[in-house]
Structures are given as C-alpha cells and as structure tokens.
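# Descriptive analysis of the structure
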Protein chains: 12
Amino acid sequence: MKLLFLNGPNLNLLGTREPDIYGHESLNDIVDVVRERATQSGMVILDFQSNHEGGLIDFIHEHASSADGMIINPGALTHYSIALRDAITATGIATVEVHLSNIHHREPFRHHSVIAPVAIGQIAGFGSYGYVMAVDWFSDMHQGSKKP
Amino acid sequence: MKLLFLNGPNLNLLGTREPDIYGHESLNDIVDVVRERATQSGMVILDFQSNHEGGLIDFIHEHASSADGMIINPGALTHYSIALRDAITATGIATVEVHLSNIHHREPFRHHSVIAPVAIGQIAGFGSYGYVMAVDWFSDMHQGSKKP
Amino acid sequence: MKLLFLNGPNLNLLGTREPDIYGHESLNDIVDVVRERATQSGMVILDFQSNHEGGLIDFIHEHASSADGMIINPGALTHYSIALRDAITATGIATVEVHLSNIHHREPFRHHSVIAPVAIGQIAGFGSYGYVMAVDWFSDMHQGSKKP
Amino acid sequence: MKLLFLNGPNLNLLGTREPDIYGHESLNDIVDVVRERATQSGMVILDFQSNHEGGLIDFIHEHASSADGMIINPGALTHYSIALRDAITATGIATVEVHLSNIHHREPFRHHSVIAPVAIGQIAGFGSYGYVMAVDWFSDMHQGSKKP
Amino acid sequence: MKLLFLNGPNLNLLGTREPDIYGHESLNDIVDVVRERATQSGMVILDFQSNHEGGLIDFIHEHASSADGMIINPGALTHYSIALRDAITATGIATVEVHLSNIHHREPFRHHSVIAPVAIGQIAGFGSYGYVMAVDWFSDMHQGSKKP
Amino acid sequence: MKLLFLNGPNLNLLGTREPDIYGHESLNDIVDVVRERATQSGMVILDFQSNHEGGLIDFIHEHASSADGMIINPGALTHYSIALRDAITATGIATVEVHLSNIHHREPFRHHSVIAPVAIGQIAGFGSYGYVMAVDWFSDMHQGSKKP
Amino acid sequence: MKLLFLNGPNLNLLGTREPDIYGHESLNDIVDVVRERATQSGMVILDFQSNHEGGLIDFIHEHASSADGMIINPGALTHYSIALRDAITATGIATVEVHLSNIHHREPFRHHSVIAPVAIGQIAGFGSYGYVMAVDWFSDMHQGSKKP
Amino acid sequence: MKLLFLNGPNLNLLGTREPDIYGHESLNDIVDVVRERATQSGMVILDFQSNHEGGLIDFIHEHASSADGMIINPGALTHYSIALRDAITATGIATVEVHLSNIHHREPFRHHSVIAPVAIGQIAGFGSYGYVMAVDWFSDMHQGSKKP
Amino acid sequence: MKLLFLNGPNLNLLGTREPDIYGHESLNDIVDVVRERATQSGMVILDFQSNHEGGLIDFIHEHASSADGMIINPGALTHYSIALRDAITATGIATVEVHLSNIHHREPFRHHSVIAPVAIGQIAGFGSYGYVMAVDWFSDMHQGSKKP
Amino acid sequence: MKLLFLNGPNLNLLGTREPDIYGHESLNDIVDVVRERATQSGMVILDFQSNHEGGLIDFIHEHASSADGMIINPGALTHYSIALRDAITATGIATVEVHLSNIHHREPFRHHSVIAPVAIGQIAGFGSYGYVMAVDWFSDMHQGSKKP
Amino acid sequence: MKLLFLNGPNLNLLGTREPDIYGHESLNDIVDVVRERATQSGMVILDFQSNHEGGLIDFIHEHASSADGMIINPGALTHYSIALRDAITATGIATVEVHLSNIHHREPFRHHSVIAPVAIGQIAGFGSYGYVMAVDWFSDMHQGSKKP
Amino acid sequence: MKLLFLNGPNLNLLGTREPDIYGHESLNDIVDVVRERATQSGMVILDFQSNHEGGLIDFIHEHASSADGMIINPGALTHYSIALRDAITATGIATVEVHLSNIHHREPFRHHSVIAPVAIGQIAGFGSYGYVMAVDWFSDMHQGSKKP
C-alpha cells in the first residue's frame, strides 16, 4: 500500500522557526517518523512539500493513480484553494486532511476548510501525531478491519 | 490513567437503526473496542451516554477531577450547547472531540462546532475508529513521547 | 394505528395561564379532544409532555418502533433542538409538526424550524385544531385514500 | 359560507406533468374533491387559477367582499409577491395558505413565505389533502366550535 | 406638458377599505385632485392603475415618448420589480416616486426601493398630498425656475 | 404657525463650493426662498445651521415647544445620528426630512436614514425645491385640508 | 426540430431606445436573424415577447410539449421570477438562458439568476449574437455530434 | 415578599474551580449573602441551581405563582434557551437577569441574550455583587419608593 | 472617593417630556438622589450632562485623573461613539454604564453598545434606580468588601 | 487573427478521469476541435494549460500583445484569482470566459466569478462546445458583422 | 505651501497617558517635529486638535481655501464620521489620512475607514513618523518631482 | 542594513501598459529609485518580482534570515493569499505593505488586506513614492531615532 504525504506552504519551516510553538521537529524529522510508522504496517510513503498550489496539484495528478491514499496538510491553502480541492475530486484519491494546530481555536478565517468536504475525514490539533493517526487509519483500513 | 468516554443524544441508537449508514456495531460494541484498546495501554475507561445536555454536564462535573482526559462525541449538541462547552472550560478537563461522520460533508449547520475551540483537537469522518485514534493519542501522551 | 402525541416546553401551562391568548383549554382538555378524534378513526394516542429536550428524545427512542406516526409541537425547541431533529431522523418515525400560533407572525427567530425539514409537513396558526388536522391526516393515510 | 380557492403559477399543470412527484390528480380533480368536502359542510367554493400575479390580485379584489375566507396556494409567488400579500391585508379576507410539498425540505429560497405573516395559518407538506384540512378548519370555525 | 400618473397593485382599493388608515378618498377622488392641480399649471394628466406588473410596463412603453414625465406609486412592486425599474430606465422618462405612507416606518422589507435609484426623487409619508407635491415640482420645473 | 428649519453639517457650503453640482444658490438664498414661501402662507421660519450634532440637538430642545413643526436636512448625520433621532422623538416635534440629492442613487451607506422612521415623511432628490414642498405641506396641514 | 424563442420585459424596446447601448437592431430584426440561422439548420422558431410574467408562463405551458427546446432572455425577471423558473422545471423543457449584456458587469443584484440553476447553460455579454450561439448549440445537438 | 434565585449550568462549580477568575466564594456562600441581604429587607429567597434547561423550567412553573419575582443567572443558556425565555413569558414572573462577568467583553456569541428582552433589566460584570443589586432593587420596589 | 456622573444626549429632557414613560423626575431630581446616596457612603459626585459627544470627552479628559470612577449613561451615543469609548480606555477610568430602559427590548440597533466592552459592567432597565445601584457598587468596592 | 486558448487547474485531466461526467474527450482532443474550427475562419490558436495561477499570468503577459483575443476556462481559479483578473485588465486583452459545466447548478461558491466582470462575456454549461461558441464569436467579430 | 494638520478625539492625551503604548511624545512634541520637517521644505503648518466632530468640520471649512493640503488623524471618527468625510469632499482639499497604530491589527470595527475613500492615501502603523511621511509626500509633490 | 523589496503579480507590467493610470515608470525604474534612496541611508536592497504566490514565499523563506526587513506590494494576492501572510509570520520578518493606488477607492473586495494584520504598517495611494516612504521609515528606525 502506497500513501502520498503532502505538506503545503510554509510547512518546510517546521522546527527551524518558532520552536516554542511548533516544537523542535523539522519536517524531515516528521517525515521520518511517519515513514517508520507506515513501514511497520507494510506501507510506503511518498512525501512532497511545496509552497506552490500548482506544484501540489501537479504532484497529485502525477502520483494519484499509483497510490492508495493521501495524507495532506494543505497549510494556508486549506482555506481558499478550490483548485486543490478539485484535484482531489478529479483524481478520486482517498484523502485524509491533517492540521498540526486546532484550527478552530484560531482566527475565524481559519475555521473553514474548502478541502474537508472532499476528504474522508479531518484531524486537527494533535501536532505531528495527527499524521501518525492518519497512517494508522490507512493501516487499519488496509488490514480489512474497517471500511470507510 | 483514566479517561471519560461520553456520547451525546441519539448515539445510543447506533447499530440498531440505520445499519446501512452507521454499521452494525452498537454503542456497547464500540465501548468494548475502546475499552480494550485503552486497557492495552494501561488506561481505564469510564463511559456514559445521555440524551440530556444537563446529564452530560452533571457527569463531567462529577468525574472530571478524578480523570485525566475525556473523549466526547457530543452528537447534535456539538452545534449549540454552549453549556457543555462551558463545562469543559470550567473543569479544565483535556478533551478530544470525535465525530463518526465527516460533519463538513453534511448540512451547513453541522459544519460549526461550539465545542472545538475548547477541545485539544477534533477528529471527524473515520467512523468508530475515530475513538480509537483518540485513545491512542492519550496513550501516546501518557507515555511521554509527545506533548500537546 | 398508534400515534405518539408530544408537547414540548411550557405547553403544560396551556389554559392555566394567559387564557386571553391561548384560550381556556388545558393541555389535558386538548389531549382528550385529540384522543376522541383518533378513537373515532380507530387510532390510539400515546401522549407525553416534557420541558426537557432529553426527555422528549428518550420518549421517542422508547416508543417509535411501536408507533405508526407522531404529532409533535416542539414548543421553543422548534428553533434550536437539532438533537430532537436527529431523534426523528434516526428513528424514521413519520412526523407531523404542529404549532398553535402562526409562528411566521412572531419574532424573526421563530420563523425558522429545525424540525420542519425532517417532518412530513407543518401546520401552524390554527390553535389546538391544528392537532385535529394532523390526526385526520393520519386517519386519511391509514384508510389508504392518500399516499404521502 | 363561501370560500375562495386560489391557485397560483404552474399549478394548472398538476397531474399532467411529473406524475411521479405530484401524483395523477389534475387541478380539476382536486377542485372537485375540495368542493365536495365543502358542500358536505354547507359551504360554497369559488375556484380560480392564474399564472398572473395581477390576475390573482384582481380576483381577490373582486370577490373578497362577498366571501367568508380564502384558501390559497400561491405557488412560487409565495416567496416574493408582496403585492399579493398586500391584497390579502387590504381586503382583510381570512386566509389559509396551503402548499402541496413541504417547502422547508426544498431550496432555501422556498423556506420563506411573504404571505404567511398575513395569513391565519400555513399548512405544508400534505399534498392535496392540505386543501381538505383548510376546508375542515373553515367548517369547524363556521360551526362555532372554535375561535381563531 | 403631459404627465403620466401611475398607481400599482391594490391602490384601486383606496377609500373603500381601511378608511381609518388610508382615509375616505378613493383613487378617483385623488386623481381628480391631482388633475385639477395639474390643470392650474397648464399640465395634462394621463392616469392608469393596474394590479399587473406587465400592464404598468406596457403602459409606460406606450406613452413614455409622448409624455414629459411620470408620477408613480408602484405599491408593493416598489420592493422587487426590477422589470418596472428597467422600463423607466429604458424609456428614459423623468420619474417621481411617491408613497402614501412613510415606508421607513414599516416592515424592513419596505425600506428598500428598487425604483428609487432610477427616479429623480422620492416623496414618502404625506398621504395623497405627496402626489400634489410631485405635480408642483413638475410645474416648477416647467416654468424654468429650477433645474433637476 | 412657526416652523424650525434646520440644516446639518456642510450645508453652509452650498453655493460657494461645487456649483456645478449643487447650483449657485447659497444657503442664505435658500432660506430666503423658504421664508418667503412660508410668509405667503402665514407661517414663520426660524432657521439654524450647524456642523455640530450637539448644536442641532440643543437647538431642537430649546425651540421645539414653541414651534409647530420642523423641516430638517440632517446632512451626513442622517445616516448615523441616533442622538438626533432621539431628540425628535423626545420633543415630539412634527418633522419633515429633506435631502437635496436622491440619496438612493448614491453610495449604499447613504440609502439608509436613521431619522426617517421618526419623521412624518421624507423628500429626496428635488434640490432646494424639496424645502418648498415641505413648507407647502405644513401650509396645507395648517389650513385644515389634510390630517397627517 | 422546433425551438421556442422568448423575450421578457422591456426587450420589445430594443433598437428604438438607447441605440448607443443596445444597437440599432429591433427585436424584429433579431428574430429574423435567429429564424434564418435556425432555418439553415432545419429548425423552426416560435417567438414570443411579453412584459407579463404570467404571459410568458402561459406561453411555455401551451407550447412546451410540442417544442424541442427554448431560448429565453428573461430580462429583469431573471433575478426574481421563481414562477418562471418553476414553469421551466414543471414542463421539463430544455432551456438556454441568454443575456445581451454581461450581467456580471452591472449592479450586484443583476449578478444572480434564479433561472440559471434550471437551465442547461447561460450565455451572457455577446449582444444579439448570444441568441445565434444558442441556436447553433441546439443545431449541433440535433445533429447528434454532442450530448449535453 | 418571596424571590426565586436561580442559577443555570456550571454555576455550581463557583469557588471550587478557577478561583483566580471567579473568586473563592462557592455558590453556597453567595446564596448565604443574597439570603442575608434579602432577610434584612423582609424578603424570602428560594434558591435553585441546575445544569438542566428542563429542570430550571420545571422549577419556574412550580414556584412562579407563589413568588413575587425572580433573580436568574441563566449561565450559557442565556444565549440559546428560547424555552427558558418562554417560561418567563408564560408565567409572567418579574425577572432580573444577572451575569457575573461582563458578557460584552467576551466572545461575540456571548453578547446576545435571548432572555433579556423578556426581563425587567440586566446587570452584568459586577461579580456576585450583581445579585445583591438585584435584591436591593426588589426591596426598593417592595417599599414602594420606585415603580418599574 | 470621587465619582463622575455623566449623562449624554437628550437626558436633560427627563421629567419635562414624556412623563408617562420616563416618570416625573427631572435630571436634577435624579442627580440629587444620586448625590445623597453617594454622600451617605462618603463619596463625592461631580455631574455633567451634554448633548455634545465632544463635550462629554472633554469633561472626561479634564476630570478623570482626579476621580475614582465614573457612572455614565451615554444615551444614543452608546451605539456609535467609538470616540467616547476611546476616552474611557485612554484615561483608564473605572466606568459603570447605566441605561434607564432595558435596551434589549427596543429596536435592534439599540441592543449593541460600543461602550460596554470597555466598562466594568452594564446595568439596564431599572429606571433611575440603576444609578443608585452603580453608586452602591462603588461604595461597596471602596469599603474593600469586594474586588472587581 | 490569433487567439490565446487557456485552460486552468485540473483541466489537463479531461477525458482520462470521470468520463461519465466529463466525456471521453481529452484536452488534446478538444484543442484539436477548437483549432480546426478556428482555422476554418482563418484564425490561429495558441493553447496553454497550467495548474499554476502564476503560470497562466506569465503566459498572458508574454502573449497578449501579439494576440487578438483570449478564450479562457480558468477552472477553480474562476472563483478567487484576482491576480488572474488583474492580468486580463492590465493587458487589456479581449477575453471570453467559458465553463464546461453550468456553474450555477453547483455549490454556491461556484456561482460567483471574479473573472466575469472583466470579460466580454461568459458561456457556461455547454461542455466543450462552449469553446466552439467562443471561437465562432471571435470569427463573427473578425468578419466585421458584429461589434461588441 | 500651507498644510492643515488635524488631530481628532483623544489625541490630545498623547504622551501623558499610556506611555508604554503611545510613547512619551506629547501632541505638542509631535506638532513641533512635523512643523520643523515642513519648514525645512518651505511649508507652513496650521495645526488643530478637537474632540468635537463639528469643531473639526468648522476648522476645515474655515481654512481649506487658503491651504494646499491636509494631514489628518481623525481618531475614532475615522470609523463613522460621514460628516467629516463630506467636509473633505465638499472643500476638495487634498487630504492624507494618518493613523499612529496599524488599525488592521485591532478590533474589526477599526479596519474600516469612511475617510479613506475620499483621501489621496492612507498611512497606518508607523507611530508619529507617519505624519512625517505625509509631510514629505506633500513636499515631494510641491517640488514637482511626482504627480499623484 | 538589508531590505527585501518584493512585488507581486502583474507589477512587472508597470510603465509598459496603461501609462495614463500607472505612469511611465517601469518596475526597473522604480527599483532604481528605491535602491538609490536606500543606498543614501546605507541600506542594501534585494528586489524580486513574481506572478507566483509560491515563488514569493520561496524567496521570503530563502532571504528572511539574512535581511532586516521587507517592503512588499503583494498586488492582488493582498486580498486572499493567507499563505503569503503565514510566510511573513513564520519568518518573523519586519514587513511594510505598500500599494500604489488607494485600495479603499476601488472595488469593495480590494478594501480588505489579509497581509495588513501581520505587517508593521500599510501605505496606500501615493504611487511609487509609497516605496520611498517605506525606505525612509526603515532608515529612520535604523538610525535609532524611532522605535516601532
């Protein structure tokens, strides 16, 4: 089973900036944790980060047909990128949306996700552990114990 | 470590009604799965279901001080029970909000949660597996490997 | 044929308070009229009044499977009780919503019903005669002369 | 006792189009049922259908002073014809508003009626039986057993 | 100088209904007063009343090119008839909008006029004397003492 | 009969600025015309202009009890001075609101008047002739030919 | 193949008023062009213009069953005539909505069409050539080269 | 003179939780202060706290007829319990609404009270002293020195 | 202890106008009552009324540094005077906002106060007794029995 | 005559995904059809597709000065790309906006186009034939038979 | 070249209150800095501060014709004083709007300026240096090196 | 001291298009002026223009740590690029937002900036001189004479 793991704008800065808020883990550290968890369940992770909406869409177009699902943290694009939403709908890839922070605590414009209505589910507020939850869900699905 | 596991209005009907939508698991079946998962991590589950907003609040008041956290699916109260929200704030109990369905797919009035801004995080759309994710997060926290 | 007849918050005060507005009939008087009308059509009425949202939901859960339909005046809960709405949807009980006054004459917050979208129909403005209309409709349905 | 029975735009198509939704009864069939019910209670029905807002208003002006009440299904005019509303207010005719479908199930712009605030009451969702309910209410009023 | 004098839906009922509110003057009485005032200033009045939006538009189309201006009380059409507004714009006829009552006292939906933005001015709240004010303005304009 | 004639902020600039738009008449010229018209009908005018909301209110308080009515162009205060509105309500003075331009043509924030709901009527769009219309209405009222 | 060609309020004025904006073509000229284009594709045009909402609905009712489609410019009714929309839905006639001007350039209230959600498509901004586009589409459909 | 003293959801936690914010007084301490103040003025206090909307309504129904007034802090129900509002209206009990904190400082959804429009007045922001103010007002009223 | 006692626009009219609504007490009478109550608690009152927003601000600037608190009824300025609000914030004076009427009963635009978020608390609906409540609160604070 | 033919995000997937909805034509197939139609009218097509907002803007900047017009389907960027809109305004290129589906049938956020107010016109709902309509319009313009 | 330098409500308190936020400079200190900067460029400053909207308008009326421009910090009047806006429009004085703080950081009601649409430009967030920027711009304009 | 100088979408067209509106200066000309001004104050400018949101974010990520501040004109991205806003917040770079035109004069959707709340300040309406103002502010800060 192969999972795409996408991170949107500014998530490349994790760990190097504002460690008090976002912790000392870099995005690379997180990818390593996620890959290890996936490997334990026999899954392969293909990760990608971009600050470009178009780059994220290109990546989804290229890899969706060979993947079984996608874990995505769209960053700020969560709130306005209908194009990213349409890429998910058009490719039909099973998608789990993850946010590090609890977006419902923050500015009102961050409460709404244009991605959520086309995702299987949304996980928000558990830091990088949210990605692990998503991996576990795909693993659980893969083992046939649950059906979405 | 002790966790409260609360379910709000109409969730007692799980499994007995609309099995095509909600599956054949009853709430009791789900509580058993959640308890088993918690036990594996050395945690105790205290579960409660009520169709009464006041009953849920009474339960939180009574048990919050002896518990380490709460997993709650507030059902329809998610969208208007400021009193339930205030019970979480007043007792200060660490709370994870779980929804079986992806509430962002559904009618617009279900997109907004008055509970989410006072919860640690929200998990929506993964069926009863969402409760398992929440248990795992408390377990992971308990083992000191993550800090919220 | 068995019909549930539910009345929500404050409707127990009918007849004893504000007779100029609501008339001299008590809720008991009205239940008697409704039961008599139902009996004439060979139907049985099971009535219940509560000022508790949770109490109304509990009652619906308990009796929906043995009833053929429900006549409900949700009182003020009409405007915000999504939990009551979900109880109707979850049990699938055929429901007619009745209001004594024409709620469209009153304060704007009373113009909107969260119950109506899951009811078969709504009757408002005809005083206690509105309950009789609802009984007659169930009776007419029962006799097979109409299909909803 | 004489009742006006008005039907607004597109209701002349009943029975001839979309029978799966609206049934096989034509408007003529319905008028016959309504008239028969009224006759049984000693009431006379004067019916009129028009696709013209102005035509409906002219009819009300001409006949309101000789009638005791009106049953009206304003069709789509329900949602914007303030002129029709003013005709009801200006003539002071006792009016019952009926809708075949439950307008609260449908598109949001159909949830609001500009007519309802000047009607005695509103009946929605019971198909053509809603007209019968309205006749029965006028009959009940006529017999002095109820006061609006 | 020739003026069109148009009255919209329900204004034909003036004087015959609700005399406490609208006075005992019929629309004919008012037209006589308006015509007399106009005649004193050497102006001719062509009056028309209709409950049909389309009828008012037809009348404007037919007579606008031979008239110097129009006094119109659009009745309830004031609030939604963009078609009537377009008839004024398309013919380019100089238009004064008059309302008998002070529409700003009444229901919020009566505060907004879709006609006003294409009229020269609006007079509201002075009863039938508002029409006289409008005649006087055209007369004053005609005598060259003012320019709009 | 004595009329207050009030003009609000910036109206003192009439005639000296932007003559292309507002014409060459100064406020003094307009007051002269209004006074002359009033004198012809046996009425006395007491005029006042201020750029101060408080100044206008003080003036109304001081003179309302000795006056029979007020013609007011509140200028920009039309749109937000609830204090000016309350001065009219508190003194109970019969008030006609006049605007030189058709405020419904202009920016949306100029469409709404907080004064209009407590005035007898509103006249907008007829330039300084609007004041004459208001004088004539008071004159007509004074002569007993009309009742507000 | 037979097409209805309907034009709503004020479109009868085309060519005779405001030629700078709408050009020198009268509605008759346009109908001739449309008919000629249709004839070339073996289609018949039945045209109708009315300033009456009810008249347009009557026409659709009368001719929809014998026609294969409709090209309609509803004029100002575009923005509020739910009754016209219901006529299209009720008869099920395949409808193309055309506007001469680009309604998205104009006042905000013209940006929204209540007709568009029940039409196959909308063409706006190409002057009378928009009708030709619509004819060509029906022709192309007729020849089986495309399916909507 | 007898006063009901009601406290809504979560107010039972006063003094035991978040003492930095709400002080060290428990609800019992506050009730003692309020009762002492009332006793000094010859008034009797009947106090009740519940986390159940229905429980508060039941209490009002049971005791309103034997009481002269009510002091209520509805807690979070302030913002959505139309049923509680209707209980006040239906029993006609003279009601003073008190909030410990200044609700206008807090989240926007706490600025609006559905109870206030049916209360005599509202006191917010003075901590538990607000209840004393309410007692004093009833006392002052009782002594005939003021009329509401 | 010294308290400023400010009253905004139109409050100088108390007692002389609309006695049925506002009672027969003049503002002077009320100031006397307030001063007497304050004197009993060893406090000094400095009172001021103005119909000028700027006058009220000037007064606050001049006297805030020598005062211990302020009781203010901003009249209509409550709803829009951000400048008055800023004067309270800028001087840091402890402020209690009082309204004679229950502003939540009245027009919607009176429900919102721009002053309340910077005041300690708000008292509304108790007539002139509200000022006494405010004096008592300052007195109670002064005696150290309470802390805000 | 040279036309730019731009397609925005996700339109590269046409034909390869969701053929039931979007048909079996790939974007290349459509470009061929459009080019052939253009060639017949002596026009040249320069086509470009990108999932990058910036890429589309770069392309417009580079080619606008050498082109006579543009046909664009901005995909999801239709609803939020003010930058794309500004590129059209800044280069002044004559632009026709085309959508394959009738965007007015779909989610409310797809009803609004930020591009439409700066385009000549909009065509929506005719599948890939909409592009042909746009080509024909440019051709018709080119032949001088029409003027925009 | 002569510049008016106006400061609105509460700005007279600068330096004497809240020095942590607004710094230790008094308004006099700032006026000195601004005057010095202006003098260096051969410009004259005429400064004025008032807490009265009317006072600011009077000052503009009196001095606009003899001045070449105005630098204004309207304080809280920024957000509601349409009268101040109209004074700028009516006198046609070239106006630069300056705010000490970044109003876009603050409460939502401070994000909107009714003055900005009639100013040349707006400078916000640079403390008293913002006034210097404005002086420099007028100086630069004066020297003919730029044109607005 | 080193400053980043960023320009967003379509600003590369300055000077070559619409010279009547935007003047004859190209972006290169402006960069030269800004660089010269900065050099005079001992500051270095690193400039960048892109039509790609992602390109601007990449540039900020790469250069923020080596720069002392940023002057940015985000072009149309001002109004929707939350990702650009987050790049400013995440890197913590001191940012001044500049707009050539007064965005408050233009379409309502241009009045709101998502960037402004995370910038030090905003300068709008002074053409390219606005960039010079921003340079001067950084220079003034650098010389220690002011603190933000």
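Report follows, based on the coordinates. (Residues numbered from 1 in each chain as written. Chains lettered and ligands numbered in written order. Predicted model: local features only at pLDDT ≥ 70, side-chain atom pairs only at ≥ 80, totals over all residues. Heavy atoms only, no water.)

## Things to note about the side chain of C:Thr91
Along the chain, C:Thr91 turns up in helix H4 (residues 82-91). Here the side chain of C:Thr91 touches C:Ala87 through a polar contact of 2.9 Å, landing on its backbone oxygen. Dropping the residues within four chain positions of it, C:Thr91 is found in contact with B:Leu13, B:Arg17, C:Ile60, C:His61 and C:Ala64. (Helix = DSSP H or I, 4+ residues; strand = E, 2+ residues; numbered from the N terminus. Polar contact = N/O pair within 3.5 Å; in protein donor to acceptor, adjacent residues only side chain to side chain. Contact = heavy atoms within 4.5 Å.)

## Overview of the pairing of strand E5 (residues 121-124) of chain H
By the alternation rule, side chains of E5(H) split into H:Gly121 and H:Ile123 and H:Gln122 and H:Ala124, which are all buried. Here strand E4 (residues 95-99) of chain H pairs with E5(H) via four bridges, running parallel. In the sheet register, H:Glu97 faces E5(H), and the bridge partner there is H:Gln122. Sheet analysis places E5(H) next to strand E5 (residues 121-124) of chain I, joined by three bridges and oriented antiparallel. Residue H:Gln122 lies in a different strand from E5(I), and its bridge partner there is I:Ala124. (Buried < 20%, exposed > 50% of the residue type's maximum accessible area, 1.4 Å probe, protein only. Pairing = 2+ DSSP bridges.)

## Some words on the pattern of salt bridges
Counted under the stated rule, the structure contains 60 salt bridges over all chains. When salt bridges with common partners are traced through the structure, they connect A:Arg85, A:Asp86, J:Glu107 and J:Arg110 into a single cluster. (Salt bridge = Lys/Arg side-chain N within 4 Å of Asp/Glu carboxyl O.)

## Overview of the sheet that holds strand E4 (residues 95-99) of chain I
Strand order in the open sheet formed by ten strands is E2(H)-E1(H)-E3(H)-E4(H)-E5(H)-E5(I)-E4(I)-E3(I)-E1(I)-E2(I), and the pairing between neighbours is mixed. In the strand order of this sheet, the two ends are held by strand E2 (44-49) of chain H together with strand E2 (44-49) of chain I, each with one partner. Neighbour-to-neighbour, the strand axes of this sheet turn through a mean angle of 20 degrees, independent of strand direction. Strands E5 of chain H together with strand E1 (2-7), strand E3 (69-73), E4 and E5 of chain I of the sheet are contacted by helix H5 (residues 129-142) of chain I, whose axis makes an angle of about 165 degrees with E3(I). (Axes fitted to C-alpha atoms, helices over the stretch in contact; angles between N-to-C directions.)

## Examining the environment of J:Leu11
Residues and elements named next belong to chain J. Mapping Leu-11 onto the fold places it in the loop between strand E1 (2-7) and helix H1 (19-22). Taking relative accessible area as the criterion, Leu-11 reaches 9% and is therefore assigned buried. C-alpha separation for the pair Leu-11 and Gln-143, spaced 132 residues apart in sequence, amounts to 31 Å. Setting aside anything within four residues of it in sequence, one finds Leu-11 in contact with Leu-27, Gln-49, Asn-73, Gly-75 and Leu-100.

## Remarks on the interface of chain D and chain C
The interface is formed by 22 residues belonging to chain D together with 22 residues belonging to chain C. Counting each side, the surface lost to burial between chain D and chain C is near 2,100 Å², with a carbon and sulfur contribution of 59%. Three residues stand out in chain D for area buried against chain C, namely D:His104, D:Phe126 and D:Tyr129, and they jointly supply 28% of the buried area on that side. On the surface where chain D and chain C come into contact, there are zero salt bridges. (Buried area = accessible area lost by both parts, 1.4 Å probe.)

## Quick word on the relation of the copies chain K and chain I
Placing chain K over chain I gives an RMSD of 0.0 Å and needs a rotation angle of 120 degrees, together with 0.0 Å of translation along the axis. The superposition of one copy onto the other is thereby described by a three-fold rotation axis. By residue overlap, the copies meet through two different surfaces: only 13% of the interface positions of chain K are interface positions in chain I. (Least-squares fit on C-alpha atoms with pLDDT ≥ 70 in both.)

## Details of the packing of helix H5 (residues 129-142) of chain E against helix H5 (residues 129-142) of chain F
Helix packing geometry: the angle between the two helix axes and the distance between the axes. At their nearest, the axes of H5(E) and H5(F) sit 10 Å apart, and the two run at 135 degrees to each other. Accordingly, the angle class assigned to the pair H5(E) and H5(F) is oblique. Seen from above, H5(E) lies across H5(F) with right-handed handedness. Contacts from E:Tyr129, E:Met133, E:Asp136, E:Trp137 and E:Asp140 of H5(E) reach H5(F) at F:Tyr129, F:Met133, F:Asp136, F:Trp137 and F:Asp140. Partitioned by chemical class, the residues of the contact of H5(E) with H5(F) number six nonpolar, no polar and four charged. (Parallel < 35°, antiparallel > 145°, perpendicular 65-115°, else oblique. Left-handed = near helix turned anticlockwise from the far one by under 90°. Nonpolar A, V, L, I, M, F, W, Y, C, P; charged D, E, K, R; others polar.)

## Looking at the environment of F:Gly92
Residues and elements named next belong to chain F. Summarising the element assignment, Gly-92 is placed in the loop between helix H4 (82-91) and strand E4 (95-99). Its relative accessible area of 58% is what places Gly-92 among the exposed residues. Along the primary structure Gly-92 and Glu-18 are separated by 74 residues, whereas in three dimensions their C-alpha atoms are 36 Å apart.

## Things to note about the sheet that holds strand E2 (residues 44-49) of chain E
What links the strands of a sheet is backbone hydrogen bonding, and the strands pair in either a parallel or an antiparallel sense. Spatially, E2(E)-E1(E)-E3(E)-E4(E)-E5(E)-E5(F)-E4(F)-E3(F)-E1(F)-E2(F) is the arrangement adopted by the ten strands of the open sheet, whose pairing is mixed. At either margin of the open sheet sits one strand with a lone partner, and together these are E2 of chain E together with strand E2 (44-49) of chain F. Strand after strand, the sheet turns through a mean of 20 degrees between neighbouring axes, direction not considered. Strand contacts of H5(E): strand E1 (2-7), strand E3 (69-73), strand E4 (95-99) and strand E5 (121-124) of chain E together with strand E5 (121-124) of chain F, with the helix running at about 165 degrees to E3(E), the strand carrying the most contacts.

## Brief notes about the interface of chain K and chain I
Contact with chain K, which involves 15 residues of that partner, is made by 19 residues of chain I. Both faces combined, the contact of chain K with chain I buries some 1,400 Å², and carbon together with sulfur accounts for 51% of it. Contact with chain I buries surface across chain K, with K:Asn10, K:Arg17 and K:Tyr80 losing the most and accounting together for 37% of the total. In this assembly, chain K and chain I are joined by two salt bridges. Here I:Asp86 and K:Arg110 are joined by a salt bridge, their closest N and O atoms 2.8 Å apart. At the junction of chain K and chain I, the tally comes to eleven residue pairs in polar contact (both at pLDDT 80 or more). Taken together, the residues of the side of chain K that touches chain I break down into six nonpolar, five polar and four charged.

## Overview of the relation of the copies chain D and chain C
A rotation about an axis combined with a shift along that same axis relates the two copies of the chain. The operation relating chain D to chain C is a screw motion whose rotation component is 180 degrees, with 0.0 Å of axial translation and a residual RMSD of 0.0 Å. A rotation of that kind, with that shift, is consistent with a two-fold axis. Scanning chain D for the C-alpha nearest the rotation axis identifies D:Ile123, at a separation of 2.3 Å. The share of interface residues of chain D whose copies in chain C are also at the interface is 100%, consistent with both copies meeting through the same surface.

## Quick word on the arrangement of the chains
Without any contact between them, chain E and chain I keep their closest C-alpha atoms 12 Å apart. The two partners chain D and chain K share no contact, and the minimum distance between any of their C-alpha atoms is 30 Å.

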